[in-house]
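Here is what each chain is made of, one letter per residue.
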Amino acid sequence: MRKQKHQKSLILAILIILGIAGDGFGQNSILQNTHIRGFMEVDAAYHDKKMTFGFGEQDLFITSQLNDRFSFLGEAVFKYVPASPTEFGVSIERAIVKYNYSGNNNLLLGKQHTPINFWNDTYHHGRVFYPTIERPLLFPANFIPLHTTGVAAEGHDLGNIRFGYNLLIGNGLGSSDVANNDERVSVTAAVHIKPVENLKLGVSYYNDVISANATVNDRIIPVQVHQQLFTGSISYFGKKFELLTEGTLALDKTDSTGTQHDWASYLYAGYRVTDKFVPYIRLDNLQYGSGEVYYIKNNTRSYIVGMRYYVDYLLVLKLEYQNLHTEIQGQTFAVTFQIAVGF
Amino acid sequence: MRIRAIIYDHLVKYFFIGILLTSCCLSSRAQDNNLVAIGNQIGVPSEIKMSELKAVFHGERQRWGNGTKVIIAMIKTTTPLGNEISEKIYSKNGEEVRGFWAGIMFAGKFDAPNVFNTEAEVETFVSQNPGAIAIIDKVVTTADIKTILVGGKKTF
């Protein structure tokens, strides 16, 4: 009898302890809401009469809701850097603290993708989201500033036409990620509207003065350059048809060469044959003024014919044929296959 | 007399066939309008237009009118209800909706929705989070949850 009473007390005690512990184990984390995702791609290509295999940046993407108004976004990539002792380097691509101060209006501080065009503001480094294998040619040509460290005021989906804006003031070209190299700042002003579903129309203006002897994209710019960039964008990603076209006019003014006019544009068009299969084309065109000193003058024309297959929304296969003509290298072609993943 | 009986039999037969067909249509119409928007009692409006509901579920609203943060809760898009919500709200299938949200989140535009396996979990989350909104398939009204009228109606 005494033994039975003891056993009952023991069982009751165990149940009470499990109940308290279970409540603790079953709770959601008391820490803030943080997510880590990754993106990467591997590819195989045939060009210059050789078969080659490679892989792209491994992108770590972190978001965290710090509290009701503040959030953090960080993006770091690990990539092949031939000059590095290990042949690989790490780069902080985005590091942004965002403050949602009212409705759909935010302040952002940190290193951001310059909101100069649709592609740069939408796709960043996640190639699984790219409509094509690689970015349009104006990107590797460094036609536009990819990143700016600064402060931005942005808003989105305002009113019936879903107006959006972004005003970014930051370190200019030639600066490091953590300090401005001169007394001037760069200014990016962008606006867009989404008048109907899936359609976005945008324009932007970029203004910066690059100091003489500043190093930009591993090149020393010998003279001071006042750069203005005017960009227009049209994007439509519907159930069947996809269209993305952007053009940037660069006005680069120096005391010695006057104002050079340079033009970069691309047009992407795709047709969603099924939910998973999208054939597409892309045309690229880069034209430079004859006296251009800031850009490497290399007039370029290219067309791409490709297809995209969604195994899953974060596992995309792409196959492309590209015909490329540049002023410096002449005519080349390449066939490339890519597997882009998110995880 | 016999002819009258035959005609009467046919009329009765077709009458009941008509009743059956009509009831099928009525019940499928009821199924077409079986989604319900629910929200936490704090912050979420009691009535909303369909266009506004879609805007919310596309990440186009960060705050409700009183400043409460918009928090989206969804049942997994791989469930039948999740797939129905995907088609009706996003005009996409479940996988496309996941891709849509992955792109939005990666661009830093909006937080990804909170996703759950069951409606009960969705309701619990909504009840515990001011500003939370979700779509399920039944009307719920408690001290913490309200059923939101969409275009003046409880179901859509």
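Residues numbered from 1 in each chain as written. Chains lettered and ligands numbered in written order. Predicted model: local features only at pLDDT ≥ 70, side-chain atom pairs only at ≥ 80, totals over all residues. Heavy atoms only, no water.

## Examining the overall build of chain A
Here's step 1: Looking only at helices and strands, chain A features two helices and 19 strands.
Here's step 2: Burial analysis of chain A (343 residues in total) assigns 44% to the buried set.
Here's step 3: Long-range pairs, those at least 24 residues apart, make up 49% of the contacts in chain A between residues at least 6 apart in sequence.
Here's step 4: Roughly 17700 Å² of accessible area belongs to chain A as shown, and the carbon and sulfur atoms make up 63% of that amount. (Helix = DSSP H or I, 4+ residues; strand = E, 2+ residues; numbered from the N terminus. Buried < 20%, exposed > 50% of the residue type's maximum accessible area, 1.4 Å probe, protein only. Contact = heavy atoms within 4.5 Å. Areas by Shrake-Rupley, 256 points an atom, 1.4 Å probe, with all protein chains shown as cover.)

## Digging into the interface of chain A and chain B
By convention, interface size is frequently given as the accessible area that disappears when the constituent parts associate.
Here's step 1: On the side of chain B, 22 residues touch chain A, which itself brings 36 residues to the contact.
Here's step 2: Where chain A abuts chain B, roughly 2300 Å² becomes buried across the two surfaces, and 42% of that area is made up of carbon and sulfur atoms.
Here's step 3: Ranking the residues of chain A by area buried against chain B places Phe129(A), Lys239(A) and Tyr313(A) at the top, with a combined share of 22%.
Here's step 4: The interface formed by chain A and chain B holds five salt bridges in total.
Here's step 5: In this structure, the salt-bridge partner of Lys276(A) is Glu95(B), at a minimum N-O distance of 3.3 Å.
Here's step 6: The interface formed by chain A and chain B holds 15 residue pairs in polar contact (both at pLDDT 80 or more) in total.
Here's step 7: Within the residue set of the side of chain A that touches chain B, elements represented by two or more residues are β1 (33-47), β3 (58-65), β4 (70-80), β5 (88-102), β6 (105-113), α2 (118-122), β7 (147-158) and β17 (300-312) of chain A.
Here's step 8: A breakdown of the residues in the side of chain A that touches chain B according to their chemical character gives eight nonpolar, eleven polar and 17 charged. (Buried area = accessible area lost by both parts, 1.4 Å probe. Salt bridge = Lys/Arg side-chain N within 4 Å of Asp/Glu carboxyl O. Polar contact = N/O pair within 3.5 Å; in protein donor to acceptor, adjacent residues only side chain to side chain. Nonpolar A, V, L, I, M, F, W, Y, C, P; charged D, E, K, R; others polar.)

## Some remarks on the packing of helix α3 (residues 80-90) of chain B against helix α4 (residues 94-106) of chain B
Residues and elements named next belong to chain B.
Here's step 1: Taken N-terminus to C-terminus, the directions of α3 and α4 make an angle of 65 degrees; their axes are 8 Å apart at the nearest point. Handedness of the crossing formed by α3 with α4: left-handed. Across the interface between the two elements, Asn 83, Ser 86 and Tyr 90 from α3 touch Gly 94, Val 97, Phe 100 and Trp 101 from α4.
Here's step 2: Here the contact of α3 with α4 is built from residues that sort into four nonpolar, three polar and no charged. (Axes fitted to C-alpha atoms, helices over the stretch in contact; angles between N-to-C directions. Left-handed = near helix turned anticlockwise from the far one by under 90°.)

## Quick look at the nonpolar core
Here's step 1: Formed by 49 residues in total, the largest nonpolar core has its most connected members in Phe129(A), Phe143(A), Ile210(A) and Tyr294(A).
Here's step 2: Ranked by size, the runner-up nonpolar core spans 39 residues in total, among them Trp64(B), Met74(B), Ile85(B) and Ile145(B). (Core = buried A, V, L, I, M, F, W, Y, C linked by side-chain atoms within 4.5 Å.)

## Remarks on the pairing of strand β3 (residues 71-75) of chain B
Residue and element names in this part refer to chain B.
Here's step 1: Within β3, five of the five residues are buried, which leaves it mostly tucked inside the rest of the structure.
Here's step 2: The alternating pattern of β3 places Ile 71, Ala 73 and Ile 75 and Ile 72 and Met 74 on opposite faces, both of which are buried.
Here's step 3: Where β3 meets strand β5 (residues 132-136), three bridges bridge the pair, whose relative direction is parallel. Looking at β5, one finds that Ile 72 is bridged to Ile 133.
Here's step 4: As defined by bridge partners, β3 adjoins strand β4 (residues 114-116) across three bridges and the pair is classed as parallel. Considered in β4, the bridge of Ala 73 is made with Asn 114. (Pairing = 2+ DSSP bridges.)

## Structural notes on the side chain of Thr77(B)
All names here are of chain B.
Here's step 1: Mapped onto the elements of the fold, Thr 77 is located in the loop between β3 and α3.
Here's step 2: When its relative accessible area of 10% is taken as the criterion, Thr 77 is described as buried.
Here's step 3: At 3.4 Å, the side chain of Thr 77 forms a polar contact with the backbone oxygen of Gly 94.
Here's step 4: Ignoring any residue separated from it by four or fewer positions in sequence, one finds Thr 77 in contact with Gly 82, Asn 83, Ser 86, Gly 94, Val 97 and Arg 98.

## Some points on the sheet that holds β4(B)
Residue and element names in this part refer to chain B.
Here's step 1: Here we have six strands laid out as an open sheet, ordered β2-β6-β1-β5-β3-β4, and mixed in their pairing. The sheet terminates laterally at β2 (47-48) and β4, the two strands that pair on one side only.
Here's step 2: Contacts from helix α5 (residues 119-128) reach β1 (36-40), β3, β4, β5 and β6 (145-150), with the element oriented near 155 degrees to β5.

## So, the side chain of Thr300(A)
All names here are of chain A.
Here's step 1: Within the fold, Thr 300 resides in strand β17.
Here's step 2: With relative accessibility at 7%, the residue Thr 300 sits in the buried group.
Here's step 3: A distance of 2.7 Å separates a polar atom in the side chain of Thr 300 from the backbone oxygen of Asn 298.
Here's step 4: Setting aside chain neighbours within four positions, we find Thr 300 in contact with Leu 137, Asp 284, Asn 285, Leu 286, Gln 287, Leu 324, His 325 and Thr 326.

## Concerning the confidence of the model for chain A
As a note on interpretation, predicted positions should not be read in detail where pLDDT is low.
Here's step 1: In this model, chain A carries a mean pLDDT of 90, and residues with pLDDT of at least 70 account for 91%.
Here's step 2: In this model, residues 3-28 of chain A is a region of pLDDT below 50 whose contacts with residues beyond four sequence positions or in other chains number zero contacts. (pLDDT = per-residue confidence, 0-100.)

## Brief notes about the packing of aromatic side chains
The relation between two aromatic rings is expressed through the spacing of the ring centres and the mutual angle of the planes.
Here's step 1: Using the criterion set out here, one finds 30 aromatic pairs over all chains in the structure.
Here's step 2: Members of the aromatic cluster, each reached through a chain of ring pairs, are Phe118(A), Trp119(A), Tyr123(A), Tyr130(A), Phe237(A), Tyr266(A), Tyr268(A) and Tyr280(A).
Here's step 3: Directly above the aromatic system of Phe106(B) lies the positively charged group of Arg94(A), at a separation of 5.2 Å from the ring centroid. (Phe/Tyr/Trp six-rings, centres within 6.5 Å; stacked < 30°, edge-to-face > 60°. Lys NZ or Arg CZ within 6 Å of the ring centre and 35° of its normal.)

## Some words on the environment of Met51(A)
Residue and element names in this part refer to chain A.
Here's step 1: For Met 51, the location among the structural elements is in strand β2 (residues 50-55).
Here's step 2: Sequence separation between Met 51 and Leu 167 is 116 residues; the distance between their C-alpha atoms is 45 Å.
Here's step 3: Those residues in contact with Met 51 that sit more than four places away from it in its chain are Ala 44, Ala 45 and Tyr 46.

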